[in-house]
Amino acid sequence: MVEVSRDGRRIYFTNSLYSAVDRQLYPNGIKGWMVKVNAKPEGGIELDEDFFLSWPDGYLPHQVRLQGGDASSDSYCYP
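Attention here is on the structure that accompanies the text. (Residues numbered from 1 in each chain as written. Predicted model: local features only at pLDDT ≥ 70, side-chain atom pairs only at ≥ 80, totals over all residues. Heavy atoms only, no water.)

1. Description of the pairing of strand 2 (residues 10–14)
Selection criterion: The buried label goes to any residue with under 20% of its type's maximum accessible area, the exposed label to any with over 50%, and the partly exposed label to all in between, with areas taken from a 1.4 Å probe on protein chains only. Here a helix means four or more residues in a row that DSSP labels H or I, a strand means two or more in a row labelled E, and each is numbered from the N terminus. Two strands make a pair as long as DSSP finds a minimum of two bridges between them.
The element strand 2 is extensively covered by neighbouring structure, given that four of its five residues are classed as buried. Bridge count between strand 1 (residues 2–4) and strand 2: three bridges; the pairing is antiparallel. Within strand 2, the position partnered with V2 by the bridge is F13. Count of turn residues in the strand 1/strand 2 antiparallel hairpin: five residues, of which G8 carries a positive phi of about 75°. Pairing geometry for strand 2 and strand 3 (residues 33–39), over five bridges, is antiparallel. Residue pairing in the sheet places I11 in a bridge with V37 of strand 3.

2. A short note on the environment of R9
Note the threshold: Pairs of residues are marked as contacts when any of their non-hydrogen atoms sit within 4.5 Å.
Inspection of the secondary structure assignment puts R9 in the loop between strand 1 and strand 2. Residues R9 and K40, 31 residues apart in the sequence, show an inter-C-alpha distance of 6.6 Å. Apart from residues lying up to four places away in sequence, R9 is in contact with V37, N38, A39 and P41.

Interpretation note: all reported values are geometric properties and have no functional meaning in isolation.
The following block contains the structure:
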């Protein structure tokens, strides 16, 4: 999944789509993770090497939802 922050400066990637799809694509399972890419105002992107989240076994990340409505998918929750 890919999620862009409301200000367009952060892009979050997770390696899970939906558990039903994940089970079909990865029958032996996968280790869940999330990374962040910073989008520069002057153009270009850069991987944030200090941001890597590993999920506990048995759990997979899906959509990024940050407190305060930072993620674009939270737009319906905030004015």
